[in-house]
Amino acid sequence: MKKIFKSIGFGSAALLLLIACSLAMMVYAAIGDSLVFDELAHIPAGYDYVRYFDNRLNIEHPPLVKAFSAIPLLFLNLNFPVNETNRENFSQWGAGDKFIFDSGNDANAIIFLARLGPIILTLLLIFFTYFCAKDLIGKRWALLPAFFVALSPNILAHGHYVATDIGVSLFILLAIYYFSKYIAEPSKYLLLASALFFGLAQLTKFSALILMPIFILLAIIYAFSNRQWLGLFKNTVSVFLLGYLLVYGIYFLFSINYPAESQIKNTEFILGFLDSQRAQTTKESCSRENLGLIFKSRCIFKETFIKMSGNNAARPITQYLTGAWVVFKQSVLSHHPTFFNGTLCDCGRWYYFPVLAFLKEPIPGLIFILLGIIGGVTYFIKIKFKNIKNLFNYVINHFTEFSLIFFVIVYGIYSMKSNLNIGVRHIFPILAPIYILAAQAVKKIEIKDFYKRVFIGILIFWYALETFFAVPYFISYYNEFGGGLWKGYEYAVDSNYDWGQDLKRLAVWAKANNMNKMSLNYFGTGNARYYLKNKFTLWNSKDGNPKGKGFDLFAVSVHFLKQYPENYYWLKNINNPDYRIGTSIFIYKL
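Source: prediction; values computed, not measured.

**Q** Any chance you could explain the overall build of the protein here in plain terms?
**A** Scanning the protein from N- to C-terminus turns up 26 helices and 7 strands. Taken over C-alpha atoms, the radius of gyration comes to 26 Å for the protein, in line with the 25 Å a tight globule of 590 residues would show. Counting over 590 residues, the protein shows a buried share of 55%. In the protein, of all internal contacts separated by at least 6 residues, the share reaching a separation of at least 24 is 74%. Accessible area of the protein: about 26500 Å², with a carbon and sulfur share of 64%. Once the 55 positive and 35 negative side-chain charges of the protein are each reduced to a mean point, those two points are 8 Å apart.

What follows is the structure, encoded as structure tokens:
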């Protein structure tokens, strides 16, 4: 073993060990977990993209992760139920249920193989966290942020699901890293790298649009020092243009078999908010006389946009922008009822993400971050900037570090203003930058190396134990402040705790205990009929106690228990089930 470490180097060997541990834990969890909520839409959409080059399913998320996840599925002989004659009959959720569970396909094989793509992206996130940190703090110290990312229960949880949060975290990190390098020392290589990762981020999740104002502001800040306004403007615009050229190309590829008339119809439906309540179509609402200036300009915009949807060259643009609008409505204009810390609110809470991060990130990780904040503040106080020029000189000489700090602050504020409070996963893009910055600050703390190493060693050991004890229930992980793995649901559910991941485990339990009749109130997109056959009856909590219909067992997702507790008044000990499946399904004897 020592010879192996010496031949490839300690840093590389340790990094490979971290990646191997993460891979093993994610594969194990991916095998045991049922289909989780978003996967029902993402998997069939991705297969539709790469098999049929039609991207009309699940437009509210860009195609990259979904398409990448679907590549292994091309090697299976799958029956895909959606075709041009029946597409109008399927929603993205209906298409997913039919494709995965009701078309003669092996559902478990589809789900597992589709999860290999996100697992690969997670491993790349670990590697590039190390890569970016190495440039700032050296090889050995770079292992620290890589460790905290590799063994984060939250990253491991969502890293093996077909969702966009890990992918966008990876590409945002690389986009910021290379853009900061390109602004400081322009070159063709750095231009292409910046544009590539900026484009990949836009192709992964629409929240990556925040990179545009961030990049513009970073360029302006840098311009205050060197006064090369025109050059920085050209460089920034070049990144945007090349990045969006990639976006255009991918959207063009995946819309080859998307009929123009169908896209026009779908665009009209999605943009229906521009019509008055008295009219149903653009033509009817915009052809009336005496329209106000604002409404008339809306009509002109909508008619232009719909015409673009029928133009072969412009169709990829309108498809991308339409998806961005759908997400904007969800996160800014609309609200999602959310259970949080004992209350259900159809609102956005500014403290939602800070509190969840405090409750769901392992305590040793929080201590390390706090130590980094103390170290960073102490370092800046020690520098004692005498004037604004000295401050700008520091920013310019440490521009990558400053860019990461700036991104964390801006993205954090943006997240706190969001109305979409459905999971800590939405702030994953700042996790790797925070650990990189914390490691850099801790390195600068002036105490004896022996004491620093011992303290960090304790944190590493504690952090690893937290993660290993959470296997394979990563999605339900809460730290001790949040009640731990088994009580975290008291604070927040949904993708923080219960995303439908335990349905397969329920089927295993039912078979092992010869349970042939139960009532089931399940939160998730897994197909209970596929796993439980005829051993259950779906039950709506509003129908009251199922005992009156002859059922002695009631299985229910904890998401429903916390979201709508008033519907379960007939359960005597709601917090003390007779059986518990995984972490998220409670079973009561009636």
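Next comes the rest of the write-up.
**Q** Which parts of the structure should I look at to understand the environment of Tyr130?
**A** As for its position among the elements, Tyr130 is in helix α6 (residues 107–137). The sequence separation of Tyr130 and Pro364 amounts to 234 residues, and the corresponding C-alpha distance is 19 Å.

**Q** It is not clear to me how the pairing of strand β7 (residues 585–589) should be interpreted in this structure. Could you clarify?
**A** For a regular strand, side chains alternate in direction, first toward one face of the sheet and then toward the other. For β7, the tally of buried residues reaches 4 of 5 residues, placing the bulk of the element in the interior. Pairing between strand β5 (residues 553–557) and β7: 5 bridges, direction antiparallel. Of the residues in β7, the one forming a bridge with Ser557 is Ile585. Where strand β6 (residues 579–581) folds back on β7, the antiparallel hairpin that results is connected by 3 residues, among which Gly582 adopts a positive phi of roughly 60°.

**Q** For this particular structure, what's the right way to read the side chain of Ser152?
**A** As for its position among the elements, Ser152 is in the loop between α7 (139–150) and α8 (153–159). On the basis of relative accessibility, which here comes to 0%, the residue Ser152 falls in the buried class.

**Q** Whenever I open this one, the sheet that holds β6 confuses me. Can you help?
**A** Adjacent strands of a sheet form backbone hydrogen bonds with each other and so pair up, either parallel or antiparallel. Pairing within the open sheet is mixed, and its 5 strands lie in the order β4-β3-β5-β7-β6. Whereas interior strands pair on both sides, the edge strands pair on one side only; in this sheet they are β4 (536–538) and β6. Strand-to-strand twist in this sheet, taken as the mean axis angle between neighbours without regard to direction, amounts to 25°. As judged from the 3 bridges shared by strand β3 (residues 518–521) and β5, these two strands associate in the parallel manner. The partner of Asn521 across the bridge, within β5, is Val556.

**Q** What is the right way to look at the packing of helix α5 (residues 92–101) against α6 in this model?
**A** In a packed pair of helices, the relevant descriptors are the angle between the two axes and the axis-to-axis distance. The geometry of α5 relative to α6 is characterised by a closest axis approach of 8 Å and an angle of 115° between their N-to-C directions. The angle between the axes of α5 and α6 places the two elements in the roughly perpendicular class. Here α5 contributes Phe99, Ile100 and Phe101 to the contact with α6, which in turn contributes Ala107, Ile110 and Ile111.

**Q** Whenever I open this one, helix α9 (residues 165–184) confuses me. Can you help?
**A** It helps to recall that an α-helix has 3.6 residues per turn; residues three or four apart then point in one direction. Here α9 is 20 residues long and its end C-alpha atoms lie 29 Å apart, about the 28 Å a rise of 1.5 Å per residue gives. When you tally the buried positions in α9, you get 18 out of 20 residues, the bulk of the element.

**Q** Just to check I follow, could you spell out the environment of Ser34 for this structure?
**A** With respect to the element layout, Ser34 can be found in the loop between α2 (10–32) and α3 (39–52). For Ser34 and Gly526, which are 492 residues apart along the polypeptide, the C-alpha to C-alpha distance reads 6.4 Å. Apart from residues no more than four positions distant in its own chain, Ser34 is found in contact with Glu39, Arg115, Gly500, Gln501, Asp502, Leu503 and Lys504. Of the polar contacts made by the side chain of Ser34, one reaches the backbone nitrogen of Leu503; its length is 3.0 Å.

**Q** Just checking my understanding: could you explain the nonpolar core for this structure?
**A** Nonpolar side chains tend to gather and get buried jointly when the protein is soluble and globular. Grouped together as the largest cluster of nonpolar side chains are 122 residues, with contacts concentrated most on Phe215 and Phe368. Those residues within four positions of Phe368 in sequence are excluded, and the remaining contacts are Leu144, Phe148, Tyr435, Ala438, Ala439, Val442 and Leu459. Core analysis: the second largest hydrophobic core is formed by 42 residues, Ala107, Ala114, Ala510 and Ala555 among them.

**Q** Even after reading the chapter, I still don't get the packing of α2 against α7, so can you show me in this structure?
**A** α7 packs onto α2 with a crossing angle of 0° between their chain directions and a minimal axis gap of 10 Å. Between α2 and α7, the angle is such that the two are roughly parallel. Residues Phe10, Gly11, Ala14, Leu15, Leu18 and Ser22 of α2 pack against Arg140, Leu143, Ala146, Phe147 and Ala150 of α7. Residue classes in the contact of α2 with α7 are distributed as 8 nonpolar, 2 polar and 1 charged.

**Q** Sorry if this is basic, but what is going on with the pairing of β5 here?
**A** Within β5, 5 of the 5 residues are buried, which leaves it mostly tucked inside the rest of the structure. Because side chains alternate across β5, one face comprises the buried residues Leu553, Ala555 and Ser557, and the other comprises Phe554 and Val556, equally buried.

Criteria and cut-off values
Residues numbered from 1 in each chain as written. Predicted model: local features only at pLDDT ≥ 70, side-chain atom pairs only at ≥ 80, totals over all residues. Heavy atoms only, no water. Helix = DSSP H or I, 4+ residues; strand = E, 2+ residues; numbered from the N terminus. Rg over C-alpha atoms; globule rule 2.2 N^0.38 Å. Buried < 20%, exposed > 50% of the residue type's maximum accessible area, 1.4 Å probe, protein only. Contact = heavy atoms within 4.5 Å. Areas by Shrake-Rupley, 256 points an atom, 1.4 Å probe, with all protein chains shown as cover. Lys, Arg positive; Asp, Glu negative; His and termini not counted. Charge placed at Lys NZ, Arg CZ, Asp CG, Glu CD. Pairing = 2+ DSSP bridges. Axes fitted to C-alpha atoms, helices over the stretch in contact; angles between N-to-C directions. Parallel < 35°, antiparallel > 145°, perpendicular 65-115°, else oblique. Expected span 1.5 Å × (residues − 1). Polar contact = N/O pair within 3.5 Å; in protein donor to acceptor, adjacent residues only side chain to side chain. Core = buried A, V, L, I, M, F, W, Y, C linked by side-chain atoms within 4.5 Å. Nonpolar A, V, L, I, M, F, W, Y, C, P; charged D, E, K, R; others polar.

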